[in-house]
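The residues making up each chain are set out below.
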Amino acid sequence: MALSSLSPPSTALTTTTTTNATTHSSIPTFYFSTKPTTQFQPNHPLSLSTSSTSSPPISKWRTNISFFPAFLNKPKDTKPIKEELLEAIAPLDRGAEATPEDQERVDRIARKLEAVNPTKEPLKSDLLNGKWELIYTTSKSILQIERPKILRSRANFQAINADTLRAQNMESFPFFNQVTADLTPLNAKKVAVKFDYFKIGGLIPIKAPGRARGELEITYLDEELRVSRGDKGNLFILKMIDPSYRVPV
């Protein structure tokens, strides 16, 4: 089984920040050392002079210009992309009925979702923990497409506990096979997977061979949906069904 920085230049122009608490956008604000009668000098487009005799000419002016407007950092709404993705995979029997064109479309939408992933370090997130149901994959071994349909697993699940670095894959009827694995983080979103025990029918334990290993990268994660990619190029899309589930140690 496969497991599924612009410091502003030191010139007369300096930058300050004023934030509107309601809109979270930057509002230009100008500050003067005296109350000026303002006029531009033709040869100095950025100079300001004043008729005031009580203070020297203004040598500095400040403007609140945000180099990175707040709206640029606002998280994008992932809901429309998720809906598009779910709509695309709904008729594909978890991927078993997907044509190459279907697979290309699903992969394209998945990449759009991965580009707006709100969880940058999924292995450090509690959102990862729990039991997930596989709703789409390109893995032929998991889909069991070489078997008659009546002998294929009706559903597949994957559980992960990031705190104990354990994972578990489970099949439903008709065979209820399981496999557990140890996870070794390779970075903040990718793990090496080493399977340790298979359970035939969910009951009979068999030690996994040493070659039973792989890698898994979590490319999108929120409280509802997870997208992962395996080291063999397979795509896995799962939905959360039980965040309280714990993988056997």
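Residues numbered from 1 in each chain as written. Predicted model: local features only at pLDDT ≥ 70, side-chain atom pairs only at ≥ 80, totals over all residues. Heavy atoms only, no water.

### As for the pattern of salt bridges
The full count for this structure, using the stated rule, is 14 salt bridges. In this structure, glutamate 84 engages lysine 112 in a salt bridge whose closest nitrogen and oxygen atoms are separated by 2.9 Å. Separated by 28 residues along the polypeptide, glutamate 84 in helix α1 (residues 79-89) and lysine 112 in helix α2 (residues 100-114) bring together distant segments of the chain. We classify glutamate 84 as partly exposed; its relative accessible area is 28%. (Salt bridge = Lys/Arg side-chain N within 4 Å of Asp/Glu carboxyl O. Helix = DSSP H or I, 4+ residues; strand = E, 2+ residues; numbered from the N terminus. Buried < 20%, exposed > 50% of the residue type's maximum accessible area, 1.4 Å probe, protein only.)

### Here's the deal with a nonpolar patch on the surface
A contiguous nonpolar patch, built from Ile200, Leu203, Ile204 and Ile206 and spanning about 400 Å² of accessible area, is present on the exposed surface. Within the fold, isoleucine 204 resides in strand β11 (residues 204-207). (Patch = residues over 30% accessible without salt bridge, like charges linked within 9 Å, V, L, I, M, F, W, Y side chains within 5 Å. Areas by Shrake-Rupley, 256 points an atom, 1.4 Å probe, with all protein chains shown as cover.)

### So, the nonpolar core
In this structure, Leu128, Leu183, Val191, Val193, Phe195 and Phe236 are the most contacted members of the largest nonpolar core, which totals 22 residues. Grouped together as the second largest cluster of nonpolar side chains are 18 residues, Leu85, Val106, Tyr136 and Leu225 included. (Core = buried A, V, L, I, M, F, W, Y, C linked by side-chain atoms within 4.5 Å.)

### Structural notes on α1
Turning to α1, its buried residues are Ile81, Lys82, Leu85, Ala88 and Ile89. Angularly, the buried residues of α1 cover 125° about the axis, an arc narrow enough to put them on a single face. Opposite the buried face of α1, by more than 90 degrees, sit the exposed residues Lys79 and Glu87. Where the residues of α1 are buried, they touch α2, β6 (130-137), β12 (213-221), β13 (225-230) and β14 (235-242). (Arc of directions from axis to C-beta. Contact = heavy atoms within 4.5 Å.)

### Points about the pairing of β6
Judged by how many residues are buried, β6 sits mostly within the fold: seven of eight residues are covered. Sheet analysis places β6 next to β14, joined by six bridges and oriented antiparallel. Bridged to tryptophan 132 within β14 is methionine 240. (Pairing = 2+ DSSP bridges.)

### What about the environment of glycine 201?
One can find glycine 201 in the loop between β10 (190-200) and β11. For glycine 201 and phenylalanine 175, which are 26 residues apart along the polypeptide, the C-alpha to C-alpha distance reads 5.3 Å. In contact with glycine 201, other than residues within four places in its own chain, are Phe175, Phe176 and Asn177.

### Remarks on the packing of aromatic side chains
By the definition in use, this model includes one aromatic pair. Over the face of the ring belonging to tyrosine 245 we find lysine 131, whose NZ or CZ atom lies 5.4 Å from the ring centre. Its end group placed over the ring of tryptophan 132, arginine 226 keeps NZ or CZ at 5.0 Å from the ring centre. (Phe/Tyr/Trp six-rings, centres within 6.5 Å; stacked < 30°, edge-to-face > 60°. Lys NZ or Arg CZ within 6 Å of the ring centre and 35° of its normal.)

### Looking at the confidence of the model for the protein
Chain-level pLDDT for the protein is 80 on average; 70% of the residues reach the 70-or-more range. pLDDT under 50 marks residues 4-72. Its contacts with residues more than four places away, or in other chains, come to 79 contacts. (pLDDT = per-residue confidence, 0-100.)

### Notes on α2
An α-helical turn contains 3.6 residues, so a residue and the one three or four places further along point in the same direction. The end-to-end C-alpha distance of α2 is 21 Å, a good match for the 21 Å that 15 residues give at a rise of 1.5 Å each. The set of residues buried in α2 consists of Val106, Ile109, Ala110, Leu113 and Glu114. Seen from one end, α2 has its buried residues packed into an arc of 145°, which puts them on one side. Those residues of α2 that are exposed and angled more than 90 degrees off the buried face are Pro100, Glu101 and Glu104. (Expected span 1.5 Å × (residues − 1).)

### Brief notes about the environment of leucine 143
Mapped onto the elements of the fold, leucine 143 is located in helix α3 (residues 140-143). Beyond its immediate stretch of four places on either side in the chain, leucine 143 contacts Asp93, Arg94, Gly95, Ala96, Thr137 and Arg152.

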